[in-house]
Amino acid sequence: MTTGPEPFTTRTAVGEQDLAACFQVRKEVFVGEQEVPEEIEYDAYDAGALHVLAVAADGGPLGTGRLLHGPAAVARTGGDLGVGSLGRLAVIGAARGLGVGAALVRAIEDAARELGLDAVDLHAQTHALGFYERLGYVAYGPEFPDAGMPHRAMRRSLRD
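Nothing here was measured: the structure is a model prediction, and the numbers come from that model.

### So, the layout of surface pockets
Item 1. Size it by volume and the largest pocket reaches roughly 830 Å³.
Item 2. Among the elements of the structure, helix H1 (15-33), helix H2 (38-41), strand S3 (61-68), strand S4 (83-91), helix H3 (100-114), strand S5 (119-125), helix H4 (129-134) and strand S7 (149-157) are those that each provide at least two residues to the lining of the largest pocket.
Item 3. Counting residues per element, the lining of the largest pocket draws most heavily on S4, which supplies 7 residues.

### Quick look at the environment of Gly-70
Item 1. Among the structural elements, Gly-70 can be located in the loop between S3 and S4.
Item 2. Taking the C-alpha atoms as reference points, Gly-70 and Ser-85, separated by 15 residues in sequence, lie 9.4 Å from one another.

### A closer look at the packing of aromatic side chains
Two aromatic rings are characterised by how far apart their centres lie and by the angle between their planes.
Item 1. Using the criterion set out here, one finds 3 aromatic pairs in the structure.
Item 2. Ring plane angle 75° and centroid distance 4.9 Å describe the contact between Phe-131 and Tyr-132, whose orientation is recorded as edge-to-face.
Item 3. Given a relative accessible area of 24%, Phe-131 falls into the partly exposed group.
Item 4. Here Tyr-132 falls in the buried class, since its relative accessible area comes to 8%.
Item 5. In this structure an aromatic cluster arises from ring pairing among Phe-131, Tyr-132 and Tyr-137.

### Here we look at the sheet that holds strand S2 (residues 50-56)
Item 1. Pairing within the open sheet is mixed, and its 7 strands lie in the order S1-S2-S3-S4-S5-S7-S6. The sheet terminates laterally at strand S1 (8-12) and strand S6 (138-146), the two strands that pair on one side only. Pairwise comparison of adjacent strand axes, ignoring direction, gives a mean angle of 25° for this sheet.
Item 2. With 5 bridges connecting them, S1 and S2 associate as antiparallel partners. The partner of Phe-8 across the bridge, within S2, is Ala-56.
Item 3. Across the sheet, H1 touches S1, S2, S3, S4 and S5, and the angle it forms with S3 is around 100°.

### Structural notes on the nonpolar core
Item 1. One finds Leu-62, Leu-86, Val-100, Tyr-132 and Tyr-137 to be the most contacted residues of the largest nonpolar core, which totals 37 residues.
Item 2. Residue assignment for this core shows that the elements contributing at least two residues are H1, S2, S3, S4, H3, S5, H4 and S7.
Item 3. Ranked by the residues each element gives to this core, the list is headed by H3, at 8 residues.
Item 4. Beyond its immediate chain neighbours, meaning those up to four positions away, Leu-62 contacts Phe-8, Val-25, Ala-54, Val-55, Ala-56, Ala-90, Val-91, Ile-92, Ala-95 and Val-100.

Conventions and cut-offs
Residues numbered from 1 in each chain as written. Predicted model: local features only at pLDDT ≥ 70, side-chain atom pairs only at ≥ 80, totals over all residues. Heavy atoms only, no water. 1 Å grid on protein atoms, 1.4 Å probe; cavity = no way out; pocket = protein on both sides within 12 Å on 5 of 7 lines; lining within 4 Å. Points joined across faces, edges and corners; volume = space filled by probe spheres on them. Helix = DSSP H or I, 4+ residues; strand = E, 2+ residues; numbered from the N terminus. Phe/Tyr/Trp six-rings, centres within 6.5 Å; stacked < 30°, edge-to-face > 60°. Buried < 20%, exposed > 50% of the residue type's maximum accessible area, 1.4 Å probe, protein only. Pairing = 2+ DSSP bridges. Axes fitted to C-alpha atoms, helices over the stretch in contact; angles between N-to-C directions. Contact = heavy atoms within 4.5 Å. Core = buried A, V, L, I, M, F, W, Y, C linked by side-chain atoms within 4.5 Å.

This is the structure in structure tokens:
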């Protein structure tokens, strides 16, 4: 689907090439920029997750995110099978400010709706709370550390 006048598109990642592009973006942003240890960036959930990818007009990867759903998401959603878990949202430095992150969130929400989910939860780095709030997410619960960085849980209903 085209995401607007910006020179990029978002799509559900299919095949090994798309998945490799998702992992490339995550490595650049989380491992390279944020110094998340590589051994905790990639996990057992990647295999069963729905991954989305934003690509430039030339096909180069710009951003990614993933959706956990069903039993894979329950530890992050309070046990509610009707709630998906958005995570690993990353946009390369050169593409920030173009709307790529918001387009990826909306693509994940669309996929969640197609799966019949009622809401999407996420664990936001605290510096990104405003970004997610502008997209309709509401923070709940206390701040907590994840990969050495402060986070807050957030949720957005897909039924509004």
